[in-house]
Amino acid sequence: ETGVTQTPRHLVMGMTNKKSLKCEQHLGHNAMYWYKQSAKKPLELMFVYNFKEQTENNSVPSRFSPECPNSSHLFLHLHTLQPEDSALYLCASSQGSASGSLNTGELFFGEGSRLTVL
Amino acid sequence: AQSVAQPEDQVNVAEGNPLTVKCTYSVSGNPYLFWYVQYPNRGLQFLLKYITGDNLVKGSYGFEAEFNKSQTSFHLKKPSALVSDSALYFCAVRDIDNYGQNFVFGPGTRLSVLP
């Protein structure tokens, strides 16, 4: 138990569906992340939220839409996905960085949501 | 920009033997280095980190890592491997741009410990 919970653990969806992935952390952190892990490819950073503000959007297609309503919750809204979007989506959290300070803490990951797009 | 290389896709070692998983890095300032392990169908688990101080860092499950600034390396080691250590290992560096918010991960090394 890492303190980061992702739901659902498995999701199968068609290309025209709309679904959401949810992440919740109980660690008191202020930074949350979405990563994509595909077979035989390095981990890809998708989005970063620091104190609820999006600080990174790593050229992610608009069919992926993040939402961070508070420091404990992070969503990834999915719509009109492609089969190549099938992957393990990992949520992580860490201590946030206030302006001017450097964050050196580690990431805590959830167990991931395995997405299959048909 | 920061980057991490793990030169070996796969490392095989016999149970009871010492293991080493290699990592080299490139950073523009002080390195903040991490090792993670991933078991099948699981998320990544933190093993250890180097921020400053002693070059030999001890972490979870008997793992340790040696920071070598001149060789820009941060190799993961364990004196005696267990079959249960078989997993995917990732080296990562904290990107000091944007106040260290982002991590850059290596491609991963698959460790197989043979009984």
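What you see is a predicted model; the values in this text were computed from it and never measured.

Trainee: An account of the packing of aromatic side chains is requested, with residue identities and associated values reported.
Mentor: Any aromatic ring pair is given by two values, namely how distant the centres are and how the planes are angled relative to each other. In the structure shown here, the tally under the stated rule is 15 aromatic pairs over all chains. Geometrically, the ring pair formed by A:Phe109 and B:Phe105 is edge-to-face, given 6.1 Å between the ring centres and 70° between the ring planes. Taken as a pair, A:Phe109 in strand β10 (residues 108-109) and B:Phe105 in strand β11 (residues 102-105) lie in two separate chains rather than in one. Taking the relative accessible area as the measure of exposure, A:Phe109 reaches 1% and is therefore buried. B:Phe105 sits in the buried class, given a relative accessible area of 7%.

Trainee: Please set out the pairing of strand β3 (residues 18-25) of chain A residue by residue, giving values where relevant.
Mentor: A regular strand carries its side chains on alternate faces of the sheet. Residues and elements named next belong to chain A. The pairing of strand β1 (residues 4-7) with β3 spans four bridges and is antiparallel. Counterpart to Thr-7 in the pairing with β3 is Lys-22. Bridge count between β3 and strand β8 (residues 73-79): seven bridges; the pairing is antiparallel. Considered in β8, the bridge of Lys-22 is made with Phe-75.

Trainee: I'd like a rundown of the confidence of the model for chain A, residues and numbers included.
Mentor: Keep in mind that low pLDDT regions are not for reading the predicted coordinates in detail. Considering every residue of chain A, the mean pLDDT works out to 90; 94% of them sit at 70 or more. No element of chain A has a lower mean pLDDT than strand β6 (residues 53-57) of chain A, at 78, and none a higher one than β1(A), at 97.

Trainee: Outline the state of the cysteines, listing residues and values.
Mentor: A covalent bond between the sulfur atoms of two cysteines is referred to as a disulfide. Applying the stated criterion across every chain, the model contains two disulfides over all chains. The disulfide partner of A:Cys23 is A:Cys91, and the gap between their sulfur atoms is 1.9 Å. Residues A:Cys23 and A:Cys91 are joined through a disulfide that is left-handed, its torsion about the S-S bond being -75°. Of this pair, A:Cys23 sits in strand β3 while A:Cys91 sits in strand β9 (residues 87-94), and the two are 68 residues apart along the sequence. By relative accessible area, which is 0% here, A:Cys23 ends up buried. Of the residues examined, A:Cys91 reaches a relative accessible area of 0% and is grouped as buried. Through a disulfide, B:Cys23 is tied to B:Cys91; the S-S separation comes to 2.0 Å. Between B:Cys23 and B:Cys91, the disulfide has an S-S torsion of -65° and is therefore left-handed.

What counts, and where the lines are drawn
- Residues numbered from 1 in each chain as written.
- Chains lettered and ligands numbered in written order.
- Predicted model: local features only at pLDDT ≥ 70, side-chain atom pairs only at ≥ 80, totals over all residues.
- Heavy atoms only, no water.
- Phe/Tyr/Trp six-rings, centres within 6.5 Å; stacked < 30°, edge-to-face > 60°.
- Helix = DSSP H or I, 4+ residues; strand = E, 2+ residues; numbered from the N terminus.
- Buried < 20%, exposed > 50% of the residue type's maximum accessible area, 1.4 Å probe, protein only.
- Pairing = 2+ DSSP bridges.
- pLDDT = per-residue confidence, 0-100.
- Disulfide = S-S within 2.5 Å.

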